[in-house]
Amino acid sequence: MRGMDILISGASIAGPSLAFWLRRFGFNPTVVERAPALRPGGQAVDFRGDAHLSVLRRMGVLDEIRRRQTARQDCVFVDESGRTHAVLPADFTAGEVEILRGNLSRILYDATSSDVEYVFGDHITGVVDDGSGVDVTFSRGAPRRFDLVIGADGMHSGVRALAFSGWTPEFLGYYVASFSAPDSYGNTMCTTPGRVASPGLFLFASEELDYDRRDVAAQKEIVARAYEGMGWHTPELLEIMRDAEDFFFDPITRVRMDRITSGRIGLVGDAGYGAALGGMGTGLAIVSSYVLAGELAAHRDHVAAFAAYEALIRPYAAGCQGNPGPFLAPKSRTRIWLRDRMFNAMARLPLGGMFARMDMKAANGITLPDYASAGQRS
């Protein structure tokens, strides 16, 4: 199948990662991205375990990620007066290497832009799979035809909406807002029932809200209302949020689908199995992109390749999903107290090592094939 033209929707993490491996295996990827340019900033993301790190190492980007990694810090949980109630060590919260999402996106783009076509400021509006190819229409560009189309466009995937009509992610009862903030506050989280405030991060419990995903000003007002009256440094952080250019707001949701491929169209990363801000979504995107490209290279047709990809990734993805809402923002003072007691016990006792090993087990819950010669076998 080498030489196939493959369209990827999304240029954040999964999209450029998939493009990297497709080019390595002899395919012709094109990446289309709705945003006019790479999105800067964003929260820190991390990688942990051999599965994540081995793929980054094979891509040749691990050293650069380490060079630009963030300084790992213990996570301190405080009340509205600033009094510390619990501390989670950095070894538990930050993985083995941590980097800002925007910096990671730039590294992956730089590793692929010289031989991959990127189209920014456009998005897919229609796909017609006639069995021998996919005719694609765009909001701005001329229609084109591709052998395969892959949605790497996140939790609100446009490709998923077009190819898997009627399917929507499961809402998990919380919303999250992120934005760039000064380091002067440290890695500190202030919790009240159903709310947590931290430098660059607000997460709160809520009924499902009806709002315009393109209206950033309205989203900032939603967050401001949710945190009205909260103490600590919350008023200052709300002012920083109001001026932030990299503001992001989204429900915490989970994507669990019966199938992540249909005909000549497939999904990768959050579009197919969003990990709901659970801490391993970025590593999952990196690993699944490697597997999808490798299986396409290792098989003589996309049907067999897609089946092999699903068989490997779907159980691995299920083990990596979670919901951080109840963990970070319990809905009652009693639950906050119990959480803090548990965190302190994890920091002092072997229990912490047990939880860390469970996290690592999920991250390493896949045996990665070696696709080194797959391109030559296709």
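The structure reproduced in this document is the subject of the present report. (Residues numbered from 1 in each chain as written. Predicted model: local features only at pLDDT ≥ 70, side-chain atom pairs only at ≥ 80, totals over all residues. Heavy atoms only, no water.)

## Quick notes on the environment of Leu162
Item 1. Structurally, Leu162 can be placed in helix H6 (residues 158–163).
Item 2. When the C-alpha atoms of Leu162 and Gly294 are compared, they prove to be 25 Å apart, with 132 residues separating the residues in sequence.
Item 3. Not counting chain neighbours up to four residues away, the residues in contact with Leu162 comprise Ile124, Thr125, Gly126 and Val127. (Helix = DSSP H or I, 4+ residues; strand = E, 2+ residues; numbered from the N terminus. Contact = heavy atoms within 4.5 Å.)

## Some words on the packing of helix H2 (residues 49–59) against helix H10 (residues 281–298)
Item 1. Here H2 crosses H10 at 60 degrees, and the two axes come no closer than 9 Å. Of the possible angle classes, the one that applies to H2 and H10 is oblique. Crossing hand, H2 versus H10: left-handed. On H10, the residues touching Ala51, His52, Val55, Leu56 and Arg58 of H2 are Gly283, Leu284, Ile286, Val287 and Tyr290. (Axes fitted to C-alpha atoms, helices over the stretch in contact; angles between N-to-C directions. Parallel < 35°, antiparallel > 145°, perpendicular 65-115°, else oblique. Left-handed = near helix turned anticlockwise from the far one by under 90°.)

## Concerning the sheet that holds strand S1 (residues 5–9)
Item 1. Taken in spatial order, the 6 strands make up an open sheet running S7-S2-S1-S11-S18-S17, and their pairing is mixed. Each of the sheet's edge strands pairs with one partner strand only, and the pair in question is strand S7 (117–120) and strand S17 (261–262).
Item 2. Sheet analysis places S1 next to strand S11 (residues 148–151), joined by 4 bridges and oriented parallel. What sits directly across from Ser9, in S11, is Gly151. (Pairing = 2+ DSSP bridges.)

## Describing the nonpolar core
Item 1. Of all hydrophobic cores here, the largest spans 76 residues; its most connected members are Phe47, Ile65, Val268, Val291 and Leu296.
Item 2. Among the elements that line this core, the one with the most residues is H10, at 10 residues. (Core = buried A, V, L, I, M, F, W, Y, C linked by side-chain atoms within 4.5 Å. Buried < 20%, exposed > 50% of the residue type's maximum accessible area, 1.4 Å probe, protein only.)

## Considering the sheet that holds strand S5 (residues 84–88)
Item 1. Reading across from one edge, S5-S4-S13-S14-S15-S12-S16 is the order of the 7 strands in this open sheet, with mixed pairing throughout. Looking along the sheet, the strands with just one partner apiece sit at the ends: S5 and strand S16 (248–254). Taken pair by pair, the neighbouring strands of this sheet meet at an average axis angle of 20 degrees, ignoring direction.
Item 2. Running over the sheet, helix H8 (residues 234–243) touches strand S14 (195–198) and strand S15 (201–205) and is turned about 110 degrees from S15.
Item 3. Set on the sheet, helix H13 (residues 333–348) makes contact with strand S4 (75–78), S5 and strand S13 (188–192); between it and S5 the angle comes to about 45 degrees.

## Points about the pairing of strand S8 (residues 124–129)
Item 1. Where S8 meets strand S9 (residues 134–138), 5 bridges bridge the pair, whose relative direction is antiparallel. Residue Val128 lies in a different strand from S9, and its bridge partner there is Asp135.
Item 2. A loop of 4 residues connects S8 with S9, the two strands running antiparallel in sequence, and Gly131 in this loop sits at a positive phi of about 95 degrees.

## Describing the pattern of salt bridges
Once their charged atoms are close, side chains differing in charge can pair, the charge on each being opposite to the other.
Item 1. What the rule picks out here adds up to 13 salt bridges.
Item 2. Taking the shortest distance from any N to any O, the salt bridge between Arg106 and Asp110 comes out at 3.5 Å. Placement of the pair is Arg106 and Asp110 together in helix H5 (residues 101–110), with a separation of 4 residues, close to one helical turn.
Item 3. Two residues, Asp130 and Arg145, come together in a salt bridge whose shortest N-O distance is 3.1 Å. With Asp130 in the loop between S8 and S9 and Arg145 in strand S10 (residues 144–146), the pair connects residues that are 15 residues apart, well separated along the chain.
Item 4. Taking relative accessible area as the criterion, Arg145 reaches 39% and is therefore assigned partly exposed.
Item 5. Residues joined in a network through salt bridges with shared partners are Asp130, Asp135 and Arg145. (Salt bridge = Lys/Arg side-chain N within 4 Å of Asp/Glu carboxyl O.)

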